[in-house]
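# Coordinates in review
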Amino acid sequence: MGCGHKDDKASLASSQIVSFSHQPHQPPSTPAPKEVWKKGGRMFSILLAVHLALLACTLVSSGAFEKIAVHDYDVFFLLTVMMLMVIIWIIFYLVGTSRCPDAILCKDSHAGPVWLRGGLILFAIFSLVMDVFKIGYYSSFYSCLSAIKIIYPIVQAIFVVVQTYFLWISAKDCVHVHLNVTRCGLMLTLTTNLAVWMSAVTDESVHKAHSKLKKNVTDEIFRWLLKAGMRSSSAEECNCNSQICQIFKNGYFWLYPFNIEYSLFASAMVYVMWKNVGRFIDHHSHHIHHLKFRLFRRTFFVGIVLGLIILVSGLGVLILYEVQVNSSAESSKKSQALSMYYIFNIVCLGLMSLVCIGGSVIYRFDKRDMDRHKNPTRTLDVALLMGAALGQYAISYYSIVAIVASTPRDAISALNLTYALLMIAQHTFQNIFIIEGLHRQPPKEDHKHDSHQKDLYGLTFVNINAVSLRVPDSGSTLASSTASGTEAIHPSDLVRSLTAPKKMNWRRKFLREISMFLLLSNIILWIMPAFGARPQFDNDTELNFYGDSMWPAIVDICLPFGIFYRMHAVASLLEVYIMS
């Protein structure tokens, strides 16, 4: 596996870079090295991804209904083959780049930040636990199941381990060998993650629909409905009567949200790698900022305390909601649970909206330069924030239309309307705050200013007025006697140096408090819908207005994007916190 397949233009460009590195004072008229023309390879890899995605989407959607002669094990067979192909390609990539010294000429410092890779590992661990539960569940009655049902979680576990290792060590790579093969391999990896995500979302939605239906009908009617047209997993036809089997079954469905987020996180990181294939980075304009994550320094703890209060309160509301709505058939308890859920979310969303507006106002006082350099990671972050928010926007607007057009209106409808309006406002203000924060330059550590300030404090222990009395009014400068070679000090500079830190730090502190509060609040707003608190299915206003078939379909399509938005907002807010 040699590296002789490198493009001639790439070799020429790399040689030009080497030659330029020996000539730091090149004239302005010298043209910069050009990247290899990459549109053809990108187009081919995009077409490959589109066809694979359409094939996977067709199988997954067709397998959602019993009347269509596509079974769940057909979907699992396709996903297993795709994951095996990705595993083989990742091994090829790791071996090929390790043997070729010129494979990776530069790295993108913005790609694959440590908090994103840390989140990927966290979701990977829960995905592995889910695969163990799946293997245990399907092994309980392997005699009446297809072998692919057991093979699939085993291959998925291997896929998660290999891909997580690959993204941890290679997320920043700008590859310059096997360009077209690398682009196609990355697009195959991206499409496989999206296909696994679609399958997981479909399985989770069908499972929740079955669980809701089981509460209202007997077992005989439920089995008849499955045969009449609803999708039934092949495992439904087998008996799962043992307690350990029920634990495995409930366990892996509870872990589905982590596997869904893992697939989306991996897809985002793979896309950035795909954009960086064949890319040359100008280190003169590509600033590398070594920022330290200091959680408990330079903060007032207000944002952390308020965020923890919101987080703990939300967990209590989630538990009560699950108990009263899913475990009780009384309408009064259901109304109380919905009211409690809406009131908590209204308070949380209202505070988050006000905090985001306050952060945007503070940005106006923080005169920091904007970062306008090419950054595929930031471009993807902004696109994902704007695109994923469309899912919650759609649900909110559908709810607003249903509530306004429906009669009569009760207290639950009023709370639901307020909740929908605040959801739109909070997404909008939060996107503005995050996107502006991502485009700002990090604070510059002015070491010259710090040493300059130390010299000032070393001059004398008297107050500023005493120092200023010794300086002539003609504007002459005061030379520092403590160290030779230091630059002259003007009295106005002395005053500014002694008072500037107090004026500068409050903006950064407030931005950190806001970022931490929003981060913790987004975590609980991700946990609640991801683990069962979905009032869209329990509120009868939308169901009666749109029907029992249209409204669940709208929620099933849009809600996963809203859940992903929250988790992606957490990662983006963590970056804004560190950059503040």
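Residues numbered from 1 in each chain as written. Predicted model: local features only at pLDDT ≥ 70, side-chain atom pairs only at ≥ 80, totals over all residues. Heavy atoms only, no water.

With an unreviewed UniProt entry as reference, the protein is termed Proton channel OTOP2, source organism Eudyptula minor. Database annotation for the protein, UniProt heading Subcellular location (unreviewed entry): "Cell membrane". Taken from UniProt, the Sequence similarities (unreviewed entry) comment for the protein reads in full: "Belongs to the otopetrin family." (UniProt positions renumbered as here; feature names shortened; annotations may be inferred.)

## Remarks on the overall build of the protein
Assigned secondary structure in the protein consists of 19 helices and two strands. Within the protein, residue pairs in contact and separated by at least 24 positions form 87% of the contacts whose partners lie at least 6 positions apart. Per element, the accessible surface of the protein, about 28600 Å² overall, is 66% carbon and sulfur. (Helix = DSSP H or I, 4+ residues; strand = E, 2+ residues; numbered from the N terminus. Contact = heavy atoms within 4.5 Å. Areas by Shrake-Rupley, 256 points an atom, 1.4 Å probe, with all protein chains shown as cover.)

## Overview of the pattern of salt bridges
Going through the model one piece at a time under the given rule, you end up with three salt bridges. We note a salt bridge from D173 to K107, for which the minimum N-O separation is 2.5 Å. Placement of D173 in strand β2 (residues 173-175) and of K107 in strand β1 (residues 104-107) is noted, with a sequence separation of 66 residues between them. Accessibility expressed as a relative area gives 3% for D173, which makes it buried. As a salt-bridge pair, E436 and R440 come within 3.7 Å of each other at their nearest N and O atoms. Among the charged side chains, a salt-bridge network with shared partners connects R364, E436 and R440. (Salt bridge = Lys/Arg side-chain N within 4 Å of Asp/Glu carboxyl O. Buried < 20%, exposed > 50% of the residue type's maximum accessible area, 1.4 Å probe, protein only.)

## As for unusual backbone geometry
Its identity as a non-glycine residue notwithstanding, H178 has a phi of 50°, on the positive side. Within the fold, H178 resides in the loop between β2 and α6 (179-216).

## Examining the environment of N544
Relative to the helices and strands, N544 is located in helix α18 (residues 540-546). Judged by relative accessible area, which is 63%, N544 ranks as exposed. Distance in space between the C-alpha atoms of N544 and A402 is 8.8 Å, their sequence separation being 142 residues.

## Overview of the packing of aromatic side chains
Across all of its chains, the model carries 29 aromatic pairs by this definition. Both rings, one in W89 and one in F166, keep their centres 5.7 Å apart while their planes meet at 80°; by these two values the pair is edge-to-face. Within this pair, whereas W89 is found in helix α3 (residues 72-99), its partner F166 is found in helix α5 (residues 148-170), the two being separated by 77 residues in sequence. When its relative accessible area of 0% is taken as the criterion, F166 is described as buried. Pairwise contacts between aromatic rings join F123, F126, W254, F258, F265, W526 and F531 into one cluster. The ring of W274 has R42 lying over it, and the distance from NZ or CZ to the ring centre is 5.3 Å. The ring centre of Y577 lies 4.9 Å from the NZ or CZ of R512, which sits over that ring. (Phe/Tyr/Trp six-rings, centres within 6.5 Å; stacked < 30°, edge-to-face > 60°. Lys NZ or Arg CZ within 6 Å of the ring centre and 35° of its normal.)

## Details of the state of the cysteines
The tally for this structure, following the rule as stated, stands at zero disulfides. Take C106: it sits in no disulfide, and the sulfur closest to it among the cysteines is that of C174, at 4.2 Å. A residue is classified by how much of its surface remains accessible, and C106, at 9% relative accessible area, is buried. (Disulfide = S-S within 2.5 Å.)

## Comments concerning the nonpolar core
If you look at the biggest cluster of nonpolar residues, it comprises 134 residues, and the most contacted ones within it are F433 and W526. At 16 residues, helix α19 (residues 550-579) tops the list of elements feeding residues into this core. Not counting residues up to four positions away in its chain, the partners in contact with F433 are C356, G359, S360, Y363, L511, I514, S515, L518, L573 and V576. (Core = buried A, V, L, I, M, F, W, Y, C linked by side-chain atoms within 4.5 Å.)

## A few points about the environment of A383
With respect to the helices and strands, the residue A383 is situated in helix α12 (residues 376-405). Judged by relative accessible area, which is 46%, A383 ranks as partly exposed. Separated by 52 residues in sequence, A383 and I435 place their C-alpha atoms 9.9 Å apart.

## What to know about the confidence of the model for the protein
Mean pLDDT over the protein works out to 77, with 71% of the residues at or above the 70 mark. The model gives residues 497-504 a pLDDT under 50, and that stretch makes seven contacts with residues more than four places away or in other chains. (pLDDT = per-residue confidence, 0-100.)

## A short note on a nonpolar patch on the surface
Taken together, the side chains of V114, I121, I125, V129, Y165, W168 and I169 define a hydrophobic patch exposed on the protein surface, amounting to about 600 Å² of accessible area. When residues of the nonpolar patch are assigned to their parent elements, the largest contribution, four residues, is made by helix α4 (residues 114-139). Tracing the sequence through the fold places I125 in helix α4. (Patch = residues over 30% accessible without salt bridge, like charges linked within 9 Å, V, L, I, M, F, W, Y side chains within 5 Å.)

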